[in-house]
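Descriptive structure summary
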Amino acid sequence: MGAMRIAASMRGVHYVLHAPQGDTYADLLFTMIERRGQRPPVTYTTFQARDLGGDTAELVKRTVREAAERFRPDALLVGESCTAELIQDQPGALAQGMGLSMPVVTLELPAYSKKENWGAAETLYQLVRNLLKPQAPDQPQHDPKAWMAVGRRPRVNLIGPSLLGFRCRDDVLEIQRLLTVHGIDVGVVAPLGAEVSDIQRIPQADLNVCLYPEIAESSCSWLERSFGMPFTRKVPIGVGATHDFLVELHTLLGMDPPTAEEGYRCSRLPWYSESVDSTYLTGKRVFIFGDGSHALAAARICSEELGFKVVGLGTYSREMARSVRAAAKELGLDALISDDYLEVEAAMADAAPELVLGTQMERHSAKRLGIPCAVISTPMHVQDVPARNSPQMGWEGANVIFDAWVHPLMMGLEEHLIGMFRHDFEFVDGHQSHLGHRGGTDQSTEADRQSTVVVSAEEQGPVWTADGEAELKKIPFFVRGKVRRNTETYARQEGRKEISSETLYDAKAHYKA
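Before going into details, it helps to say that this report is about the structure given with it. (Residues numbered from 1 in each chain as written. Predicted model: local features only at pLDDT ≥ 70, side-chain atom pairs only at ≥ 80, totals over all residues. Heavy atoms only, no water.)

A few points about the pairing of strand 11 (residues 355-358)
To keep it simple, the criterion reads: Three labels apply to residues, based on accessible area from a 1.4 Å probe with only protein chains included: buried if under 20% of the type maximum, exposed if over 50%, partly exposed otherwise in between. Here a strand is any run of E in DSSP of at least two residues, a helix any run of H or I of at least four, and the numbering for each starts at the N terminus. The rule for pairing is simple: two strands pair if DSSP sees at least two bridges between them. Orient the strands so they point away from the viewer, and a crossover whose first-strand-to-second-strand path over the helix runs clockwise is right-handed.
Residues Leu355 and Leu357 of strand 11 are buried on one face, and the alternating residues Val356 and Gly358, pointing to the opposite face, are buried as well. As paired elements, strand 8 (residues 285-290) and strand 11 share 3 bridges and run parallel to each other. Looking at the pairing, Val286 lines up with Leu355 of strand 11. Bridge analysis of strand 11 against strand 12 (residues 373-375) gives 3 bridges, and the strand direction is parallel. Bridged to Leu357 within strand 12 is Ala374. Considered for its hand, the β-α-β crossover made up of strand 11, helix 17 (residues 360-369) and strand 12 is right-handed.

What about unusual backbone geometry?
Only a minority of non-glycine residues have a phi that is not negative, and only a minority of peptide bonds are not trans. Following Ala190, the chain continues into Pro191 via a peptide bond in cis, with omega recorded as 5°. Secondary-structure assignment places Pro191 in the loop between strand 6 (185-190) and helix 9 (196-200). Cis peptide bonds are those with omega within 30 degrees of zero, and the linkage from Thr378 to Pro379 qualifies with 0°. Looking at the secondary structure, you find Pro379 in the loop between strand 12 and helix 18 (394-420).

Topic: the nonpolar core
The condition is simple: Residues enter a nonpolar core if they are buried and are Ala, Val, Leu, Ile, Met, Phe, Trp, Tyr or Cys, with the set joined through side-chain atoms within 4.5 Å. Between two residues, a contact is recorded if the distance between any of their heavy atoms is within 4.5 Å.
Grouped together as the largest cluster of nonpolar side chains are 106 residues, with contacts concentrated most on Tyr15, Leu249, Ile288, Leu313, Leu357 and Trp405. When near neighbours in sequence (up to four residues on either side) are disregarded, Leu357 contacts Val286, Phe287, Ile288, Phe289, Ala298, Cys302, Ala374, Ile376 and Trp405. Core analysis: the second largest hydrophobic core is formed by 12 residues, Phe289, Ala351, Ala366 and Ile371 among them.

Regarding the side chain of Glu471
Looking at the secondary structure, you find Glu471 in helix 20 (residues 466-472). According to the relative accessible area criterion, Glu471 is buried, its value standing at 16%. Sequence-distant contacts of Glu471, that is, excluding residues within four places in its chain, are made with Ser501, Leu504 and Tyr505.

Function cannot be inferred from these measures alone, as they are strictly geometric.
What follows is the structure, given as structure tokens:
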């Protein structure tokens, strides 16, 4: 899938994938989620069980030949799926020996030990390396400030955006606009929308902007070693990070760096964070999980720009585990490095957050736990690929993030207020919030109710009195389940058979001590 993302992002590149018939489902991810009008440029060998007794290597060569003649690509990628790895046909080596007229890039992607982002990074790296290695000088000498002597505007490349990335299309538009305002031209955007000739023009720029380290860092590092081209390390997600990115970029190019006031002029997030209206949001507990770049950016925005309290931070990007662990340590947390969504859900429940920032998987988990959630990273679903322009990077990206993260919390406030005042004479019976049937109810989440029933049946736990239940209902719905569980645990430890409002306050004092 990672290799397919790179091939589908580019023009004039075709991917021959040695794979069984069932692996062709991957096309749906581009037509359904990205909502593109064309299939990805991929040809499958589509071998079946009966082919395994014959010469599958000949099937590979025939498929490669037919794809080259039909599509006439400028470059051909050749790889194999996880199932085809077991056959060991070596499709890349077979294609290399066929004497094709276009460059053939062999992909060796260990699907059983690596993940999608690594596959995309490795594919882009191999493509860049194969196409640019003949141009690499023996002694790389590259001056990012040479544009001054030539008498032109500085020029940079944007490396990393791809299809099925999180808001990559919109990020590119926002960063191009931002750089234009600062008098900086964009030479090549790769792989999104790039051709083979564009890849070959990469060394003509003054430096590379590494927009998505998961995808682009290995390619940018090779370009730095082979051509001497520096690249940026700051990812411009959030007001502070966008300013840091501009300062880094201007410094590398020998330009005067901008002041921090630009962020206050171009984004509404800084003003709101300092206004009295944001008081309700101060100290809100947030659990963050996603790819490395977006998780790190979210942690900084939450802790430094919105005044939230980060109670959980993690990533599935093991390549960026060190950076995420360092960021978590600064926040007094232990980072969660895992690709097991059930482990992430358990950590989320233990942290008892009031907002979850995660992937599509965390959205499902948060829904089960009754916690508001905003998706900040892939994996994602179709609702996270809007037709409108909705970037995450730059000043406008900070505005989009501000809306996406603050609104769920404000809606949570509405839910809590309706729950608190449901007995007020001005409220009609059964009044509901934006959450429909959940609005104004005093029930815990489904998971909490089920766990309570199981505990009561197995351990003959304490019974809640009427005044105890009434006091519990005054607690915000997003932490009510944890308070219920803690109080019942305290009551069992103390040998109390009933939980009254007094027991509830005793439990609160016990856990605060």
